[in-house]
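The residues making up each chain are set out below.
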Amino acid sequence: MANKSKFQAIRGTRDLLPSETGLWNRVEQTAHAVFGTFGFGEIRLPAFEETELFAKAIGAETDIISKEMFSWQESGTIIETDLQQAWMLKHKQGFEAASREYVFNSRQRPDLVVREGDHTLVVEFKRRTINQATIENIQQYRRVFGERFPDEKSPRLLLVFAEEPSEFVRKLAGSNGVEIEVLDIPEYEQHESLSLRPEATASVCRAYIEHGMAQLPQPVKLYYMGPMFRRERPQKGRYRQFYQIGAEVLGGSDAPAIDAEVIEMVMTFFDRLGLTGAELDINSIGHNAPDCRPAYVQKLKAELEKVKDKLGADSQRRIETNPLRVLDSKLEHEQAIIATLPRIADHLCDECKAHYAAVKRQLELRGVFFKENWRLVRGLDYYMRTTFEITAKGLGSQNAVCGGGRYDGLVELLGGPPTKGIGFAIGEDRLILSLQESGKGAAPQGRDVYIAWMGERAYATAVRAAKDLRTAGFRVELPPTELKFGKALERADKLGSRFALILGDNEVAEGSWTLKTLADGTQQKFTEPELLEFLRSRKSLSS
Ligand code: HAM
């Protein structure tokens, strides 16, 4: 127990330490570089949004929305008006009878609003930060009320909440003669529920609308990177806080070349990182017109009903909620059944069929290898036509390293102009895992130069040398206190240094510095300019 830290990172979250962040940075820098060459600009988005945005975009019945979101109720400004309206409705007579309605002190205390109505002092709580001081505050209002309107009898004190306050608040209020009323505001949850983002496509579309990006030259090509949050069961490659690198193309065109170029960009990025064994699966899930996907889904549903008894509980439920998702099942005993189901490619409308064929041609033109996978339906509702997924090696069951697809109409669904869209998101954690597993993870570690200084005079020179070497881009370790020579070399070795620069009073006096190559123990003497020259030549050899 003595050594055990009391706090630990929450299950499903983790710290990324310097031994790993070198690789994370390399991956992210490569993304900036490669996406830049395809004309994409970076967008940085908030980590949380209205729950409704995600629910509308991703679909209320999806796993992400129905069970994986980190959501909370925000008691914000809307509560003030909602509470006020609800209270006024409930106590219509009382409020109308009272001519004096005013907001009390609300600038200093924006979390509470005091109103006066029919011998009642109503205190509305927008937040639940209530304590002894708050109660005293309220009693003070009662005194002020009494002074202002001396002919009134002492008013009732009523606290109005938008949701059930804690036991503590109830007790505190009760023992101070304050009544509590909880008002049920039907729209409250919808307005004020916020969620950590489980993905970023919805946010990109929200931003596209909010900033009028439809006015910009089309298409608008954006990419993002950052943490996403899903309450999933943690396992290898699956976290509750994970990181995505994603890109979206929004605009007026759904030309198949756009789909192909977006996919080409991901594959180029993986290639640049040296990721081996990445496999691209593609599919088309048609569009939402009577002669296309809905007709297929009906047919699929009818077939699924026939084999319902042989399916697991999840698939049985999905026959009702989202039959397409049954195709996604990984359950061993369902595989043979699924293989016999009708395939969407045979039921696409003519337009979707032509679009899919053109996407495949465009991919071939770009030399992008792919495999068609009719069961690739994706777990978010906004997709139509092209869907794709990329798997990587060394990841076990969570081997999808990238997922994406076309989502024409999503911007419109969220209140924007009719807009076509396509994009993808890479699971950065999984990408990194795969790179590490294949031995591509080694990021430069350690130091280039460890300065072993001895003596006060040498120290001043060492400080200057450290500055010059760092300016020249070398990773330098300058020990803060003097160490015995042997000890200094031991430290240099432990830090993974390539060279030790030995600076004693003699070296400084002679202007001739000793550089020891730690791998083989050889030593050479240099003047200061020679040293820089030598290190530069070595750096270019090693990188
Ligand atoms: P998604 O398939 O839900 O799509 O996620 C994309 C990738 O994020 C997955 O392939 C996986 O690598 C990674 N990922 C998802 N959940 C986790 C997790 N719990 N732990 C670790 N990695 C995870 C989307 O998010 C869409 N927004 C992609 C998109 C963009 N479609 C169009 N534009």
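Look above for the structure.
No experiment lies behind these values; they were computed from the predicted model shown.

Enquirer: Go over the pairing of strand 8 (residues 193–196) with me, naming the residues and quoting the values.
Expert: As paired elements, strand 2 (residues 48–50) and strand 8 share 3 bridges and run antiparallel to each other. For glutamate 49, the partnering residue across the bridge sits in strand 8 and is serine 195. Sheet topology note: the strand 3 (residues 71–73)/strand 8 ladder contains 3 bridges and is antiparallel. Among the inter-strand pairings, serine 71 is bridged to a residue of strand 8, identified as serine 195.

Enquirer: I'd like a rundown of helix 9 (residues 201–210), residues and numbers included.
Expert: In an α-helix, one turn spans 3.6 residues, which is why side chains three or four residues apart end up on the same side. Most of helix 9 sits inside the fold, with 8 of its 10 residues counted as buried. Turning to helix 9, the residues buried within the fold contact strand 2, helix 2 (51–58), strand 9 (220–229), strand 10 (241–251) and helix 15 (410–413).

Enquirer: How would you summarise the pattern of salt bridges if you had to cite specific residues and measurements?
Expert: Per the stated rule, a full pass over the model turns up 26 salt bridges. Glutamate 303 is the salt-bridge partner of lysine 306, the closest N and O atoms lying 3.0 Å from each other. With a gap of 3 residues between them, lysine 306 and glutamate 303 both fall in helix 11 (residues 293–307), about one helical turn apart. For glutamate 303, a relative accessible area of 29% corresponds to the partly exposed category. A salt bridge links arginine 406 to aspartate 408, with the shortest nitrogen-to-oxygen separation between them at 2.7 Å. Considered together, arginine 406 and aspartate 408 belong to a single accessibility category, that of buried residues. Ionic contacts of the salt-bridge type, sharing partners, join the residues Glu49, Arg206 and Glu210 into one network.

Enquirer: Could you give me a rundown of the environment of leucine 515, with the residues and numbers involved?
Expert: With respect to the secondary-structure elements, leucine 515 resides in strand 19 (residues 513–517). Other than its neighbours up to four places away in sequence, leucine 515 contacts Phe499, Ala500, Leu501, Thr522, Gln523, Gln524, Phe526, Leu531, Phe534 and Leu535.

Enquirer: Give me the lowdown on the sheet that holds strand 8, citing residues and values where you can.
Expert: Sheet architecture is open: 3 strands sit in the order 2-8-3, paired in antiparallel fashion. The outermost strands of the open sheet, each flanked by one partner alone, are strand 2 and strand 3. Averaged over all neighbouring strand pairs, the angle between strand axes comes to 30°, with direction disregarded. Against the sheet, helix 2 contacts strand 2, strand 3 and strand 8, and its axis sits at roughly 80° relative to strand 2.

Enquirer: Describe the packing of helix 2 against helix 9, naming the residues involved and giving the relevant values.
Expert: Helix-helix packing: each pair is described by the crossing angle between the helix axes and the interaxial distance. Two numbers describe how helix 2 lies on helix 9: the axes approach to 9 Å, and their chain directions differ by 105°. With respect to each other, helix 2 and helix 9 are oriented roughly perpendicular. Between helix 2 and helix 9, the residues in contact are Leu53, Phe54 and Ala57 and Ala202, Ser203 and Arg206, respectively. Of the residues assigned to the contact of helix 2 with helix 9, the class counts are 4 nonpolar, 1 polar and 1 charged.

Rules used throughout
- Residues numbered from 1 in each chain as written.
- Predicted model: local features only at pLDDT ≥ 70, side-chain atom pairs only at ≥ 80, totals over all residues.
- Heavy atoms only, no water.
- Pairing = 2+ DSSP bridges.
- Helix = DSSP H or I, 4+ residues; strand = E, 2+ residues; numbered from the N terminus.
- Buried < 20%, exposed > 50% of the residue type's maximum accessible area, 1.4 Å probe, protein only.
- Contact = heavy atoms within 4.5 Å.
- Salt bridge = Lys/Arg side-chain N within 4 Å of Asp/Glu carboxyl O.
- Axes fitted to C-alpha atoms, helices over the stretch in contact; angles between N-to-C directions.
- Parallel < 35°, antiparallel > 145°, perpendicular 65-115°, else oblique.
- Nonpolar A, V, L, I, M, F, W, Y, C, P; charged D, E, K, R; others polar.

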